[in-house]
Structures are given as structure tokens and as C-alpha cells.
Amino acid sequence: MDTIGRRHRKRDFRRLWIARISAAVKAHGLSYSRFIHELTKANITLNRKMLSEMAIHDPAGFKSLTDLAKAAA
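Residues numbered from 1 in each chain as written. Predicted model: local features only at pLDDT ≥ 70, side-chain atom pairs only at ≥ 80, totals over all residues. Heavy atoms only, no water.

We now examine the overall build of the protein. Across its full length, the protein holds four helices and zero strands. Reading the helices (α) and strands (β) of the protein from amino to carboxyl end gives α-α-α-α. Principal-axis analysis of the C-alpha atoms gives the protein an extent of 45 × 25 × 15 Å. For the protein, the proportion of its 73 residues judged to be buried stands at 29%. Here the contacts in the protein between residues at least 6 apart in sequence split such that 63% fall between residues at least 24 apart. Accessible surface for the protein amounts to roughly 5,100 Å². Of this, 56% is attributable to carbon and sulfur atoms. (Helix = DSSP H or I, 4+ residues; strand = E, 2+ residues; numbered from the N terminus. Buried < 20%, exposed > 50% of the residue type's maximum accessible area, 1.4 Å probe, protein only. Contact = heavy atoms within 4.5 Å. Areas by Shrake-Rupley, 256 points an atom, 1.4 Å probe, with all protein chains shown as cover.)

In C-alpha cells:
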């Protein structure tokens, strides 16, 4: 029973991080899927948790990531 709760918690956090990233990149004129795709093309490997934290606590740094993603397009 506990295992199910841990799996759901992981799923819920991933969903939360994706929602936060999606909202932040929409403000910069990108979609979530396009942003993630362009980051991987630019060889930027940050996980969704760190991207979410950057979007909240370091908007300037997150903006530079979106600019890099747009340049990789």
C-alpha cells in the first residue's frame, strides 16, 4: 500500500513541475514541448524539478534558458 502512495507522489510532483514550466515558457512565447525539445537540441540537460525551481526563484536565468532554446530552433 505504501508503494502506491510513493508512486503517486512522484507522478504528482512531475505533473506539478511540468505545469509550472509550461506556465513560465508561455510567458516567453514558447510551448512546453517546444521548449523541452529545443533544450535537448542545445545539449542543456536540466531536469524538470530544477527548471521549475528556476522559473520560480530565478526568472532572469530562466529567461536566458528560453532565449537559448529559441536560438537552437
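The next point concerns helix H3 (residues 48–57). Here H3 has its buried residues at Leu51, Ser52, Met54 and Ala55. One side of H3 carries all its buried residues, which in axial view fall inside an arc of 160°. Contact partners of the buried residues in H3: helix H1 (2–26), helix H2 (32–41) and helix H4 (59–72). (Arc of directions from axis to C-beta.)

To continue, consider the nonpolar core. In this structure, Ile21, Val25, Phe35, Leu39, Leu51, Phe62 and Leu65 are the most contacted members of the largest nonpolar core, which totals 15 residues. Breaking this core down by element, the ones donating at least two residues are H1, H2, H3 and H4. Broken down by element, this core gets its largest block of residues, four residues, from H2. Those residues in contact with Leu51 that sit more than four places away from it in its chain are Ile21, Phe35, Ile36, Leu39, Leu46, Phe62 and Leu65. (Core = buried A, V, L, I, M, F, W, Y, C linked by side-chain atoms within 4.5 Å.)

What follows is about a positive patch on the surface. Where like charges cluster on the molecular surface, the positive patch consists of Arg6, Arg7, Arg9 and Lys10. Structurally, Arg9 can be placed in helix H1. (Patch = residues over 30% accessible without salt bridge, like charges linked within 9 Å, V, L, I, M, F, W, Y side chains within 5 Å. Salt bridge = Lys/Arg side-chain N within 4 Å of Asp/Glu carboxyl O. Lys, Arg positive; Asp, Glu negative; His and termini not counted. Charge placed at Lys NZ, Arg CZ, Asp CG, Glu CD.)

Any two side chains of opposite charge can pair, so long as their charged atoms come close to each other. Tallied over the full model, the rule gives three salt bridges. Note that Arg34 and Glu38 form a salt bridge whose closest N and O atoms lie 3.7 Å from each other. One end of the pair, Arg34, and the other, Glu38, are both in helix H2, four residues apart, so they sit about a helical turn from each other. Taking the shortest distance from any N to any O, the salt bridge between Lys41 and Glu38 comes out at 3.5 Å. Here the residue Lys41 and the residue Glu38 both occupy positions in helix H2, the gap between them amounting to three residues, near one helical turn. Judged by its relative accessible area of 2%, Glu38 is buried. Taken together, the shared-partner salt bridges in this structure form one network comprising Arg34, Glu38 and Lys41.

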